[in-house]
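# Tertiary structure, described
Now for the letters of each chain:
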Amino acid sequence: MISIEAKPYIFEFKPNSTALVIIDMQRDFVLPGGFGQSLGNDVSPLRLIVPKIEALLGMWRSLGACVVHTRESHLPDLSDCPPSKLKRGNPKLSIGDLGPMGRLLVRGEYGCDIIDELRPLPSEIVIDKPGKGAFFQTSLMEQLTHRGITHLIFTGVTTEVCVQTSMREANDRGFECLVVDDATESYFPHFKAATLAMIVAQAGIVGWSASTQAIFNGFKGQQSE
Ligand code: TIU
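Here the structure is a predicted model, which means the values were calculated and not measured.

## Regarding the site of the ligand
Around the ligand lies a shell formed by Asp-24, Phe-29, Leu-39, Glu-72, Lys-132, Val-157, Thr-158, Val-161, Cys-162 and Tyr-187. At 2.7 Å from a nitrogen atom of the ligand is found a side-chain nitrogen or oxygen belonging to Asp-24. Between an oxygen atom of the ligand and a main-chain N or O atom of Cys-162, the distance comes to 3.2 Å. A class-by-class count of the residues in the shell around the ligand yields 6 nonpolar, 1 polar and 3 charged.

## Brief notes about the pattern of salt bridges
Within the structure shown, the criterion is met by 12 salt bridges. For Asp-128, the salt bridge goes to Arg-71, with nearest N and O atoms at 2.9 Å. Placement of Asp-128 in strand S7 (residues 125-129) and of Arg-71 in strand S4 (residues 67-72) is noted, with a sequence separation of 57 residues between them. Judged by its relative accessible area of 18%, Arg-71 falls in the buried class. Glu-72 is the partner of Lys-132 in a salt bridge, and the nearest nitrogen-oxygen pair spans 2.7 Å. Remark: Glu-72 occurs in strand S4 and Lys-132 occurs in the loop between S7 and helix H5 (140-146); sequence separation between them is 60 residues.

## A word on unusual backbone geometry
A negative phi angle is the norm for most residues apart from glycine, just as the trans form is the norm for most peptide bonds. With an omega of 0°, the peptide bond between Lys-7 and Pro-8 qualifies as cis. By the secondary structure assignment, Pro-8 is in the loop between strand S1 (2-4) and strand S2 (11-13). Following Val-157, the chain continues into Thr-158 via a peptide bond in cis, with omega recorded as -20°. Residue placement: Thr-158 occurs in the loop between strand S8 (151-157) and helix H6 (159-172).

Thresholds, definitions, all that
- Residues numbered from 1 in each chain as written.
- Predicted model: local features only at pLDDT ≥ 70, side-chain atom pairs only at ≥ 80, totals over all residues.
- Heavy atoms only, no water.
- Near = heavy atom within 4 Å.
- Polar contact = N/O pair within 3.5 Å; in protein donor to acceptor, adjacent residues only side chain to side chain.
- Nonpolar A, V, L, I, M, F, W, Y, C, P; charged D, E, K, R; others polar.
- Salt bridge = Lys/Arg side-chain N within 4 Å of Asp/Glu carboxyl O.
- Helix = DSSP H or I, 4+ residues; strand = E, 2+ residues; numbered from the N terminus.
- Buried < 20%, exposed > 50% of the residue type's maximum accessible area, 1.4 Å probe, protein only.

On their own, these measurements won't tell you what the molecule is for.
Here's what the structure looks like:
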């Protein structure tokens, strides 16, 4: 059992029943010219978390533990994209439009795929999700249940949109959830701070938060026992 110094109190998990979940680390959110920038955002802060996620991914891979990557993505004919989502706001480019990295958030396009540093291995779960949450219209629940996963450690972007939505969906489905505070990022620092605070409020109403270092400290503690 690994014990982590976390908010609002210690988080305990067994690696063989805990998935590392990497939410939407796609070029379309993290790099200039993608969907995130088309919404008017400065995407540069999102790249700063890549080394933290790489470190966690390296640990999970070394343990042979479960890794889940998600992509917010749509079918080329956009039949899985509700008109409300397609029309929302006034972006320079909309979902499905052609940008410098291909059609925005369309499966198979270069920009829609995960950044090189975090490229999934064939053995890892990759979930293409049409919504913000990772469970909506996907096979994630079945895949996690099949592998005996009970605990989820969340990373990725953006904290208050796809990470929080997925974590709330998971919490309602009975998973014990922790978000890694320095391995998730938002285009809006105050939204990130508020999201982390509301997750751990009320004695962990949605779950726990901890730093990448706290997770590594937990592993070190286990080895010295
Ligand atoms: N992945 C994800 O969070 N999708 C978004 O659209 N996020 C925004 O913050 N826009």
